[in-house]
Amino acid sequence: MKDNQLQSRFELEVENEIAYADYRKDGNLLHIKYVYAPPALRGTGAAGKLMKEIMETARTKNMKVNPVCGYAASWIQRHKEFHDLLDN
């Protein structure tokens, strides 16, 4: 996963396609605004892998996460091991 800071998005390249998550940082709070996987990657688990790497990065940087995007929110809801990172 790459943190493309110029475009404020995390990117994951898989088979020459890029899944990404737009974000905004506010101090130690990471707002995940939108998660996108191109049609060729849908159903492959690429977006889930991206979310897992984002959450692991947030943990190592002691950040809280605000999942604005519906996909991000539902992904986190299904992965209880990351609930402690949610901004309550």
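This one's a predicted model, so the numbers in the text were calculated from it and none came from an experiment.

A.B. asks: I would appreciate a short explanation of the pairing of strand β3 (residues 17-26) in the present structure.
C.D. replies: The pairing of strand β2 (residues 9-14) with β3 spans six bridges and is antiparallel. Across the sheet, residue V14 finds its bridge partner in β3, namely E17. Between the end of β2 and the start of β3, which pair antiparallel, lie two residues, with E15 showing a positive phi angle near 50 degrees. The pairing of β3 with strand β4 (residues 29-36) spans seven bridges and is antiparallel. Bridging from a neighbouring strand, A21 pairs with V35 of β4. Linking two consecutive strands that pair antiparallel, namely β3 and β4, is a turn of two residues; a positive phi of about 65 degrees is found at G27 within it.

A.B. asks: It is not clear to me how the nonpolar core should be interpreted in this structure. Could you clarify?
C.D. replies: Within soluble globular proteins, side chains that are nonpolar generally end up buried alongside one another. Ranked by internal contacts, the top residues of the largest apolar core, which has 25 residues, are I32, V35, M51, I54 and M55. In this view, I54 contacts M1, F10, A21, L30 and I32; residues no more than four positions away in its chain are not counted.

A.B. asks: Explanation requested: the packing of aromatic side chains in the structure shown.
C.D. replies: Two descriptors summarise a pair of aromatic rings, namely the distance from one centre to the other and the angle between the planes of the rings. Enumeration over the complete set of coordinates arrives at five aromatic pairs. Between Y34 and Y36, the aromatic rings sit 6.5 Å apart at their centres with planes inclined by 20 degrees, giving stacked as the arrangement. Its relative accessible area of 24% is what places Y36 among the partly exposed residues. One aromatic cluster is present, formed by Y20, Y34 and Y36 through successive ring pairs. Over the ring of Y20 we find R9; its NZ or CZ atom is 4.1 Å from the centre of that ring.

Criteria and cut-off values
Residues numbered from 1 in each chain as written. Predicted model: local features only at pLDDT ≥ 70, side-chain atom pairs only at ≥ 80, totals over all residues. Heavy atoms only, no water. Pairing = 2+ DSSP bridges. Helix = DSSP H or I, 4+ residues; strand = E, 2+ residues; numbered from the N terminus. Core = buried A, V, L, I, M, F, W, Y, C linked by side-chain atoms within 4.5 Å. Buried < 20%, exposed > 50% of the residue type's maximum accessible area, 1.4 Å probe, protein only. Contact = heavy atoms within 4.5 Å. Phe/Tyr/Trp six-rings, centres within 6.5 Å; stacked < 30°, edge-to-face > 60°. Lys NZ or Arg CZ within 6 Å of the ring centre and 35° of its normal.

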